[in-house]
Amino acid sequence: MLRTALLALILQLLALPAGAEGPIVIKFSHVVAADTPKGKASEFFKRRAEELTRGRVKVEVYPNSSLYKDKEELEALQLGAVQMLAPSLAKFGPLGGKEFEVFDLPYIFDNYADLHRVTQGPVGASILRQLDGKGIIGLAFWDNGFKSFSANTPIRTPADLKGKKLRIQPSKVLEEQVRALGALPQVMAFSEVYQALRTGVVDGTENPHSNMYTQKMHEVQKYLCLTDHGYLGYAVIANKKFWDGLPGDVRSQLEQAMKESTVYANRIAQEENERSLELIRKSGKTQIHVPSKEEREAFRRVLIPVHARMEARIGASLIRAIYRETGFDPNRP
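Residues numbered from 1 in each chain as written. Predicted model: local features only at pLDDT ≥ 70, side-chain atom pairs only at ≥ 80, totals over all residues. Heavy atoms only, no water.

Draft legend 1. Spotlight on the packing of aromatic side chains. Throughout the structure, instances matching the rule amount to 12 aromatic pairs. The ring centre of Tyr234 lies 3.8 Å from the NZ or CZ of Lys38, which sits over that ring. One residue, Arg300, lies across the ring of Tyr107, its end atom 5.4 Å from the ring centre. (Phe/Tyr/Trp six-rings, centres within 6.5 Å; stacked < 30°, edge-to-face > 60°. Lys NZ or Arg CZ within 6 Å of the ring centre and 35° of its normal.)

Now the structure itself:
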């Protein structure tokens, strides 16, 4: 894959002789469907970037892993074969950005208001700055939504997931979360999940409703439990050398486009998850269970201890900073 991305970069450079006129091209690659919150937000950014720069920038959006898959896209960005990505936050752990895994901690955010105090505040900004030394600049956080567990057997208590093979993203926190449930973590690229669920390679997964519906996972998962146990979000990032090399006025215009896109992304994420849940319900293919207060508390009791077990990896000070920002109390029932 390294050779492929390097070749793409060389060809791109050869196609742009010194002094050539033309728009600045931004290739924006992502791995989800075009009609997901991230897909719609990336198209919104394309439109606003081109409008604000008056055509000096052209944004090419490549959805649904059509350009690069999960494991390839960050390498491609660092090489300059693409200029922008919006990977899920769990993807940064293997890159050395362990701080990003704080967003994977179960139940650390009670609602979107608490979440945005972090992603849109000083704690979030400090996390994005961790990417500077990796040839990447962090531009913004975009929401996808809160995740729920699905499987082909009913889910009402943590014990119902014991022994199940659950697909997760590449995150040590998510591995620990699944083990806390007595389940078996299965790291797998997003583009491979539907087929794995259909064939029984994995038994279940965790997703916001929009991901589940747009990838048709509800057609191969009989049960969905609305646990809202974790958050799935994205960091919009750019190749640092490319971004820093932009003309100052163009960079300012793109920053404005990103601010507007972030507002749009976070609004559409909530709307699309509500709509997708209703469409899953109407399909009749998946039984949806709303946990009682007691059932939800049973999941919290099992999963909250993951916070303490991950302190050595993520950093106790960062976890405590988020607790202070949101008022989260790990001891609260």
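Draft legend 2. Spatial organisation of helix α11 (residues 293–303). Among the residues making up α11, those that are buried are Glu295, Glu297, Ala298, Phe299, Arg300 and Leu303. Residues of α11 that are buried in the fold lie against β4 (136–151), α6 (172–180), β8 (223–239), β9 (287–289) and α12 (305–309). (Buried < 20%, exposed > 50% of the residue type's maximum accessible area, 1.4 Å probe, protein only. Helix = DSSP H or I, 4+ residues; strand = E, 2+ residues; numbered from the N terminus. Contact = heavy atoms within 4.5 Å.)

Draft legend 3. Local environment of the pattern of salt bridges. Enumeration according to the criterion identifies 19 salt bridges in this entry. Between Lys46 and Glu50 there is a salt bridge, with the nearest N and O atoms lying 3.0 Å from each other. With Lys46 and Glu50 both in helix α2 (residues 37–52) and 4 residues apart, the pair spans about one turn of that helix. Judged by relative accessible area, Lys46 falls into the partly exposed class, the value being 23%. By relative accessible area, Glu50 is classed as partly exposed at 23%. Its salt-bridge partner being Arg300, residue Glu297 comes within 3.8 Å of it at the nearest N-O pair. Of this pair, Glu297 and Arg300 both sit in helix α11, separated by 3 residues, roughly a single helical turn. Assessed through its relative accessible area of 8%, Arg300 is described here as buried. Overlapping salt bridges, with partners in common, bring together Lys40, Glu272 and Arg275 in one network. (Salt bridge = Lys/Arg side-chain N within 4 Å of Asp/Glu carboxyl O.)

Draft legend 4. Focus on the nonpolar core. One finds Phe100, Val102, Phe103, Leu105, Phe109 and Ile237 to be the most contacted residues of the largest nonpolar core, which totals 53 residues. Ignoring any residue separated from it by four or fewer positions in sequence, one finds Phe100 in contact with Leu89, Phe92, Ile127, Leu128, Leu131, Phe141 and Ala235. Counting 43 residues, the second largest nonpolar core, distinct from the first, contains Ala41, Ala86, Leu197 and Met217. (Core = buried A, V, L, I, M, F, W, Y, C linked by side-chain atoms within 4.5 Å.)

Draft legend 5. Quick peek at helix α4 (residues 112–119). With respect to burial, α4 is a largely interior element, 6 of its 8 residues being buried. For α4, the set of buried residues is Tyr112, Asp114, Leu115, His116, Val118 and Thr119. Summarising the contacts, the buried residues of α4 are in contact with α5 (122–128), β4, β8, α10 (248–283) and α14 (316–326). In this structure Asn111 caps α4, since a side-chain oxygen of it lies 3.2 Å from the backbone nitrogen of Ala113. (Polar contact = N/O pair within 3.5 Å; in protein donor to acceptor, adjacent residues only side chain to side chain.)

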